[in-house]
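Residues per chain are reported as follows:
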Amino acid sequence: MSEALGRVVATERKPNTPHEFHFWTAIDSPVGIGTIVRVDGAQPIEGQIPHIYGIVVEGFSYTDLQSPMHDVLGHDGSPTAAGFASTERAEIRLYTAAVLRQIPEEPLQPVPMGQVFLAEEEDVQVALRMDSYLRDGANTGIPIGVYRAGGTDAVIYLDADFLLGPEAAHLNITGVSGLATKTSAVEWLLASLFKHFPDEKGSIAAVCFNVKGPDLCYLDQPGKIEGSDEILYEKLGVEPRPFESVEYFAPYTAKGLVLNTFRNNEALLDNVTPLTWGLREVLQFAEVLLNKDDVDAKADALIDFIKENIVDREFSDPLLQKKHTVQSFADLDAWFRDVLQGMEKKDGDSWRTHHVATIRKVRNRLSNISTRCAGLVTDTGNVSDLPFGSFADRTVYVVDVANLEEDAQDLIFARIVSKLREHLERRDLGVKHLVVFVDELNKYAPGDGPDTYVRKMLLDIAERGRYLGLVLFGAQQFRSQVHRRVVGNSGTGLFGRMDPDELSTPGYAVLSPATRTKLATLEKGQLMIRHPHFTQPIFVRFPRPAVMQGREGSERYPQSSEISLEAAILRVLRPLDSTITLPWVQEITALYTPDEVIRARNATLLARPENVKAYFAAQFRKVIPAQPAQRPMVGSIKSAPENDPYGF
Amino acid sequence: MMVSNSGPDAASRAALRSLMQRLPGMSAVEGGSIEPTMSSDPPLLRSAKIVEGSSLRVVTVPDFTRHTVSGFGAFLDGTQQVRLVAHHFGMPVVFGTVAAGVRIRVSRRLITWGHQPPRVERKIYLPLRYLPPLAEIRGPSREMASGNWEIVDTSTADKEGEYPSQHPAVLQERATRAVDRERDRVEDSLAEAWCARAEAPLYIDGGISRSERVASSSCAIGVIKSHRTLYFDGHEVSKVLGLRKGERTSVFRVSPRSRNSVLSWYLRLRDGAGRDAMWGLVRVEVAESDRPAERAEEVSRWVLAETTPLSLPDGRWDKMAYGVRDCEEFLRAIS
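The rules we used
Counting restarts for each chain: residues are numbered from 1 in the order of the written sequence. Written order decides the labels, with chains lettered from A and ligands numbered from 1. pLDDT decides what is reported in this predicted model: residues at 70 or higher carry local features, side-chain atom pairs at 80 or more are listed and counted, and totals for whole chains, interfaces and linings draw on all residues regardless. Secondary structure is summarised from DSSP: a helix means a run of H or I of at least four residues, a strand means a run of E of at least two, and numbering begins at the N terminus for each. Taken over C-alpha atoms, the radius of gyration is set against a globule rule of 2.2 Å times the number of residues to the power 0.38. Convention adopted: a line fitted to C-alpha atoms gives each axis, helices being fitted over their contacting stretch, and angles between N-to-C directions are expressed from 0 to 180 degrees. Working definition: roughly parallel below 35 degrees, roughly antiparallel above 145 degrees, roughly perpendicular at 65 to 115 degrees, and oblique for all remaining angles. For any helix crossing, the convention is left-handed if the near helix is rotated counterclockwise from the far helix by under a right angle, and right-handed if that rotation is clockwise. Contact between two residues is assigned when their C-beta atoms, built from the backbone, lie within 7 Å. When residues are sorted by character, Ala, Val, Leu, Ile, Met, Phe, Trp, Tyr, Cys and Pro go into the nonpolar class, Asp, Glu, Lys and Arg into the charged class, and all the rest, Gly among them, into the polar class. What pLDDT conveys is the predictor's confidence in a given residue, as a value from 0 to 100. Comment: burial labels come from other C-beta atoms within 10 Å of the residue's own C-beta, placed from the backbone, where a count of 20 or more is buried, 12 or fewer is exposed, and between is partly exposed. In this analysis, strands are considered paired if DSSP registers two or more bridges between them. Boundaries of every domain are those given by an automatic assignment or by a domain database. A set of buried Ala, Val, Leu, Ile, Met, Phe, Trp, Tyr and Cys residues, joined through C-beta atoms within 7 Å, is what we mean by a nonpolar core.

Visitor: Hey, could you run me through the overall build of chain B in this one?
Guide: Looking only at helices and strands, chain B features seven helices and 17 strands. Taking 20 Å as the expected radius of gyration for a compact globule of 335 residues, we find that chain B reaches 22 Å, a close match to that expectation. Dimensions of chain B along its principal axes, counting C-alpha atoms only, are 70 × 45 × 40 Å.

Visitor: How should I be thinking about the environment of threonine 589 of chain A in this particular structure?
Guide: Tracing the chain through its elements places threonine 589 of chain A in helix H21 (residues 582–589). The spacing of threonine 589 of chain A and phenylalanine 620 of chain A is 31 residues in sequence and 8.5 Å in space, taken between C-alpha atoms.

Visitor: What exactly am I supposed to notice about the packing of helix H10 (residues 297–310) of chain A against helix H12 (residues 356–372) of chain A here?
Guide: Two measures define how a pair of helices packs: the angle their axes make with one another and the distance between the axes. Residues and elements named next belong to chain A. The N-to-C vectors of H10 and H12 enclose an angle of 70 degrees; their axes lie 9 Å apart at closest approach. Classed by the angle they form, the pair H10 and H12 counts as roughly perpendicular. Where H10 crosses over H12, the two elements pack in a sense that is right-handed. Residue-level contacts link Lys298, Ala299, Leu302 and Ile303 of H10 to Thr358, Ile359, Lys361 and Val362 of H12. By residue class, the composition of the contact of H10 with H12 is five nonpolar, one polar and two charged.

Visitor: Quick question: what am I supposed to make of the confidence of the model for chain B here?
Guide: Parts of the prediction with low pLDDT should not have their coordinates interpreted in detail. Residue and element names in this part refer to chain B. Per-residue confidence for chain B gives a mean pLDDT of 88; residues scoring 70 or more make up 90%. Counting interchain partners and residues more than four positions distant, the pLDDT-below-50 stretch residues 1–6 has 17 contacts. Segment residues 139–143 is flagged for pLDDT under 50; beyond a separation of four residues in sequence, or across chains, it makes six contacts in the model. Prediction confidence for the complex, expressed as pTM and ipTM, is 0.80 and 0.77 respectively.

Visitor: Can you help me understand the pairing of strand E17 (residues 396–400) of chain A in this one?
Guide: In regular strands, side chains alternate between the two faces of the sheet. All names here are of chain A. Most of E17 is tucked away, with five of its five residues classed as buried. Burial of the side chains of E17 extends over both faces: Val396, Val398 and Asp400 are buried on one face and Tyr397 and Val399 on the other. Two strands pair when backbone bridges link them, and strand E11 (residues 246–250) and E17 are joined in this way by four bridges, in the parallel orientation. Bridged to phenylalanine 249 within E17 is valine 399.

Visitor: Would you take a moment to explain the domain arrangement of chain A for this structure?
Guide: How large an interface is tends to be reported as the accessible area lost when its parts come together. Here chain A is described as being made up of domain 1 (6–127), domain 2 (161–275 + 384–552), domain 3 (280–372) and domain 4 (563–618). A C-alpha centroid distance of 73 Å is found between domain 1 of chain A and domain 4 of chain A.

Visitor: Help me understand the interface of chain A and chain B in this model?
Guide: With 15 residues of chain A in contact, the opposing surface of chain B contributes 18 residues. Sorting elements by how many residues they give to the side of chain A that touches chain B places helix H1 (residues 68–74) of chain A first, with four residues. When the residues that make up the side of chain A that touches chain B are grouped by side-chain class, the tally is five nonpolar, six polar and four charged.

Visitor: Where do I start with the nonpolar core in this structure?
Guide: Burial of nonpolar side chains together is a common tendency in soluble globular proteins. Counting 172 residues, the largest nonpolar core has Ile36, Ile156, Val399, Leu434 and Val436 of chain A as its most contacted members. No other element matches helix H13 (residues 406–426) of chain A, which puts nine residues into this core. With sequence-adjacent residues up to four places away left out, leucine 434 of chain A is seen in contact with Ala205, Val207, Leu420, Leu424, Leu429, Gly469, Leu470 and Val471 of chain A. Counting residues in hydrophobic clusters, the runner-up holds 78 residues, among them Leu16, Leu269, Val299 and Phe330 of chain B.

Visitor: What is the right way to read unusual backbone geometry from this model?
Guide: Going from isoleucine 103 of chain A to proline 104 of chain A, the amide bond is cis rather than trans, its omega being 5 degrees. Along the chain, proline 104 of chain A falls in the loop between strand E5 (91–103) and strand E6 (114–118). Between threonine 308 of chain B and the following residue, proline 309 of chain B, the backbone shows a cis peptide bond with an omega angle of -5 degrees. Residues other than glycine seldom take positive phi values, yet histidine 170 of chain A does so here, at roughly 75 degrees. Considering the arrangement of structural elements, one finds histidine 170 of chain A in the loop between helix H5 (160–163) and strand E9 (171–174). Judged by the 28 C-beta atoms lying within 10 Å of it, histidine 170 of chain A is buried. The backbone of aspartate 312 of chain A sits at a positive phi, close to 65 degrees, despite the residue not being glycine. The topology assignment puts aspartate 312 of chain A in the loop between H10 and strand E13 (314–315). For aspartate 312 of chain A, a count of 14 C-beta atoms within 10 Å translates into the label partly exposed.

Structure (structure tokens):
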């Protein structure tokens, strides 16, 4: 048993309560804010010596000096003279601790006087109630970090039942930008989850939306870790390796030649899949892109009509010149053109109760989508999507939307989450549990502002996702600006270094001033954790993720700039067939327009045929080789017409 | 020396209850603190033999700067609490607690001396001659015994065989003087224990002449803050009271009748301008020395070095070393 490092004290002015107590220590004791301690009571209660576990939330230091003036007088106003005094004043280190747990738990009494000990690893497990899920047979502990104090290194575990459901779920991370806390913490936690998530609870995967920077773009590449991190990895039972299975998805740039992602370097393209959607996929989520000012009830009715009766169906009408089967934006535009021309011919104001102005407006808005989301939405209707239905266990799916316009980001987020939800409801996603990581919740689920489709989706996940196995890992810089129901439904909260302004908001009033100050000065790799089993926040260290950091990755694998059409085709086809060369591509595509070439590329990528060359070439329409046209024989005018006004 | 007038603690209350069982008719007294007896001692002027030179001189302590390192390794002080807790038809029942402790200095911080634990003794002072015999306690009450409360008779005959009068004030004063003697005894026992080990110079709050072993030890230095007895008279008193900060008198020998002979000198610790004549004035006592002047200079530098940090908020801060205040605070906490 270790030596006592303090004694509980209580005065009438500063009494102990069942939830808080005070103790003093030697000046050189290793106690600090966040240290977990154990109090051994002196008197047994119902035959049992009480043990109280607490975490230090405040510290005080003072001497027997009654007034600062006395010190000034004592040293003749010279600070340097103070160093020569024969004796240091008597000094106290007085700490306030918040109770984590009392044993026995009943009767709940004020903390008794007693000796205070530094909590050892077993004490930490009991104090944080981790013993309930680390016992034999439970085993749902997910290591999140190491608690360190005074030589004690204790692994802190989250309860998988409370992190991924069904008991509680969701995780929220807050911290200032630029310290790599939020992204690093998620990368580390996913690695720990994939390693320690119990097999009997089923499969697990993660979908990460990369909304800014390249940090999530190199999860499959090894990163630099230091010796101290290796020790942490060993302690936490996780191998310091990058993720074994990562799939990337990104739309094309507006020109459609290269993928619009930081990870479009040729050396890394083997697990990057284009993300392209057609009319059908987009129309399902038209309301994401069309705000309510644009789309009134009349326009909404027309869009519904199009969705129900036009898209993917053969449609004919006496007004129209021909039958239409609308499968792409191009088809839809042709249909609109036909309808409007028909109405003009009949000089009518409405067609099937839809006013011509409404039709023109909807045409304008829908046609505009393919422009606003160029690179993601294809005119042709080709679809390249996440592998809904065949998600793989312990795989990370990164959707890179960092370089997209806000509309496109919203569309991608809304559709992917909806599809994930649909599949999880049907239990056919491919995995039983899915973590969705979204950064910048300030932006996507703000506490104020318009009620957007994306915010509704996030609220829905936060409130009902855990029943489906759909878990939200959200991150933001300012937690106070995120919708209360999103953060409120997060069972687990992680806090990195915080902005002092943010800490001054009411949401942090429950923390002691010392804890808030510590939060404002946390080092890299340190977190404060709130978890349903922990009655007070706990500070831990976590290792640097064993993946390549964004900055290093973008230096080692520079992002490709726009390249020639032929080079872009070669780049995507060569992984499918290594015999394809640039001259071959140039020869095949020489006679065709860029749109035709891109369409052929997309079709080939989607089909992934065995004979890539043949398939790609077959996508082009037959073009008769150009031959020089023969000059037509022009006969001389034999005689001028009789009524030739210019004749002479 | 500290006199505490705080209210009865749990042990005192238990002892009082037990006493009331043994002495029916006793009436408890609220807040019966008793002032120390020193206030009743008359101020005296007394002569002394000068051993440094032939006449009393004023000497500036040489080589004292703010960088001077004190040679003291420890501080000794005692405390006493005297309370009139009850009376039996006017006969005073007094509780006395005395304590003493040595605080040693390690790395500029003061901690309790490990070789001799601090002493805390509690006694009940009763004029047994004027009280009915104490009844035996019936039942399980053993509180007096468990609290180590010893009974001291304050009505015994003096050297001439005369018993004190039944006047409550006389009996109360007898009790107070008995407590004083107890405090002197526990202080002396600790000082003797320290001198036996001779670890480092010990700063004793008060004189050192009571104990022969202490008075003859080179590691015991007494610093006296009160001056009910002033040595010298006439213009020599003026020299003493006219000392300026950092000045001392010549060394003289103090030889009280019932005590041991020691060397002594006056020393002004703080500038007394605008204050009373005794402000910052202490008298230092050391054992006999072959080179009294050098010894006085050395010890004076140490005592001056102990003037920081200030022992405020104690009212005697002008003369009290911080180490002595630390002793008193420590004893207050444990007694």
